[in-house]
Amino acid sequence: MLALTYHGAHDVRVETVPDPVLAADDDILLRVTATAICGSDLHIYRGKIPDMKDGDILGHEFMGVVEDAGPAVVNVRRGDRVVVPFTISCGDCFFCGRKLFAACENTNPGRGAILNKKDVRSGAGLFGYSHLYGGYPGGQAQYVRVPKANVGPLVIPDSSLSDEQVLFLSDILPTGYQAALNAQIVPGSSVAIFGAGPVGMMSAACARMMGAERIFMVDHHPYRLAFAKETYGVLPIDFDQIDDPAQVIVEQTDHRGVDASIDAVGFEAKGSTVETVLSTLRLEGSSGTSLRWAIAATRRGGVVSVPGVYAGFIHGFLFGDAFEKGLSFTSGQTHAQRFMPELLGAIEKGLLKPDVIISHRLPLIEAARGYEIFNKKEEDCRKVVLTPFGLS
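Residues numbered from 1 in each chain as written. Predicted model: local features only at pLDDT ≥ 70, side-chain atom pairs only at ≥ 80, totals over all residues. Heavy atoms only, no water.

Draft legend 1. Geometry of the overall build of the chain. Each helix and strand in the chain was counted, giving 11 helices and 17 strands. On C-alpha atoms alone, the chain measures out to a radius of gyration of 20 Å, which is about the 21 Å that the 2.2 N^0.38 rule sets for 392 residues. With the C-alpha coordinates aligned to their principal axes, the bounding extent of the chain is approximately 60 × 45 × 45 Å. Counting the 392 residues in the chain, one finds 55% classified as buried. The contacts of the chain with a sequence gap of at least 6 include a subset with a gap of at least 24, amounting to 72%. Approximately 16400 Å² of the chain is accessible, and the part contributed by carbon and sulfur atoms is 51%. Mean positive and mean negative side-chain charge positions of the chain (36 and 45 charges, respectively) differ by 3 Å. (Helix = DSSP H or I, 4+ residues; strand = E, 2+ residues; numbered from the N terminus. Rg over C-alpha atoms; globule rule 2.2 N^0.38 Å. Buried < 20%, exposed > 50% of the residue type's maximum accessible area, 1.4 Å probe, protein only. Contact = heavy atoms within 4.5 Å. Areas by Shrake-Rupley, 256 points an atom, 1.4 Å probe, with all protein chains shown as cover. Lys, Arg positive; Asp, Glu negative; His and termini not counted. Charge placed at Lys NZ, Arg CZ, Asp CG, Glu CD.)

Structure, rendered in structure tokens:
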């Protein structure tokens, strides 16, 4: 089969690799009909994620048709059209029992990314996201093995819904929804979203659905801000034009700040010269720019919700300011399985239209080009969807 494989920073290739096979009784084999390039895939593409190996298959946003199933699979069957969540969860452990699927204790033989780990078990395995998270082959391929198939895949029973309408149930839509839930958004809320990438867009869509009245969005790509303004009614702030976005937000909220901020950027936020040097020397793992802005822009007693991926140390994390303002922080990988059925219902009702963010549709064979234009923000690229068997 064809699959997109990793060979180092800025070097991904579509190659012929062996077809996957069933390895456990609760596996399925999926023929992939649509897969997407996620913003967090760019961390891998830029060489920022450790424990990647040459030939690793990338991709954690995908869906398709069940081609084969192990004898213990009871929740899906051959021929079903399913969306697969990016986390691999057992459904039986302490955390899965609490619907904290991204914290599953039984699916990641890798170390995970916690630095001060002690003897804590690793969280859930992830498709296509390094051997820190289990080394599972990803879905930017024609076929993929899906473990724990009684827990993850969501059957799409409505044939009138296109792949593009439901594909983002795999990751960015539940991620944006969890971010909005964690931000405690209610009708009339004000929220600042840092980052106008796909997760920022889904956070805005979900915040609007939940009744947010004012949504500030901070980014430095004018085409993304213009799209978000037109589509979600955000108040755009370009930090290349405005040195201190948090100050502008505070001024426009009666000098209090917003009820909540969502950091949809994560550890590769554009930082200061000092932060760039520290990250290059690996003395710091992450830029703290977005978090500092979020802390400064949020009112006393408010919430900072962090769906953006962070790792390691963060430069200039002003926890004293957060304490003084009485802020609450929520963060972490998304418990996608928990939200997928509910969000499918919202799509069916027309309350959410996640596919509107798609700007590029390419066959899998052109995946390397898709990564390049997404990474460089060329051609007004917002989101790339790949079709493994050609464009339909």
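Anyway, onward from the coordinates.
Draft legend 2. Seen up close, the sheet that holds strand S12 (residues 235–238). Reading across the sheet, the six strands line up as S12-S11-S10-S13-S14-S15 and stay open at both edges, with parallel pairing between neighbours. Strands at the two margins of the open sheet, each flanked by one partner only, are S12 and strand S15 (328–331). Shown here is a sheet whose adjacent strand axes are inclined to one another by a mean of 20 degrees, direction ignored. Where strand S14 (residues 298–306) meets S15, four bridges bridge the pair, whose relative direction is parallel. Looking at S15, one finds that Val303 is bridged to Ser328. Docked against the sheet, helix H8 (residues 289–297) engages strand S10 (190–194), strand S11 (214–219), strand S13 (258–263), S14 and S15, running at close to 150 degrees with respect to S14. (Pairing = 2+ DSSP bridges. Axes fitted to C-alpha atoms, helices over the stretch in contact; angles between N-to-C directions.)

Draft legend 3. Expanded view of the side chain of Gln142. Considering the arrangement of structural elements, one finds Gln142 in the loop between strand S7 (125–126) and strand S8 (143–146). Gln142 gets classed as buried once you look at its relative accessible area, which sits at 13%. Side-chain polar atoms of Gln142 contact the backbone nitrogen of Leu2, separated by 3.0 Å. (Polar contact = N/O pair within 3.5 Å; in protein donor to acceptor, adjacent residues only side chain to side chain.)

Draft legend 4. Seen up close, the side chain of Asp41. For Asp41, the location among the structural elements is in helix H1 (residues 41–45). Lys383 provides the closest opposite charge to the buried, salt-bridge-free Asp41, at an N-O distance of 6.7 Å. Apart from residues no more than four positions distant in its own chain, Asp41 is found in contact with Ala36, Gly59, His60, Tyr129, Gln140 and Tyr371. (Salt bridge = Lys/Arg side-chain N within 4 Å of Asp/Glu carboxyl O.)

Draft legend 5. Region of the structure containing the packing of helix H4 (residues 198–209) against helix H5 (residues 222–232). As a packed pair, H4 and H5 sit with axes 11 Å apart at the nearest point and diverge in direction by 20 degrees. In terms of orientation, H4 lies roughly parallel with respect to H5. The handedness of the crossing between H4 and H5 comes out as right-handed. Side by side, H4 and H5 meet where Met201, Met202, Ala204, Ala205 and Arg208 of the first sit next to Arg224, Phe227, Ala228 and Tyr232 of the second. Partitioned by chemical class, the residues of the contact of H4 with H5 number seven nonpolar, no polar and two charged. (Parallel < 35°, antiparallel > 145°, perpendicular 65-115°, else oblique. Left-handed = near helix turned anticlockwise from the far one by under 90°. Nonpolar A, V, L, I, M, F, W, Y, C, P; charged D, E, K, R; others polar.)

Draft legend 6. Fine view of the environment of Pro307. By secondary structure assignment, the location of Pro307 is in the loop between S14 and helix H9 (319–325). Sequence separation between Pro307 and Ala264 is 43 residues, and the spatial gap between their C-alpha atoms is 5.5 Å. The contacts of Pro307, once residues within four sequence positions are left out, are Thr175, Ala179, Val199, Ile262, Asp263 and Ala264.

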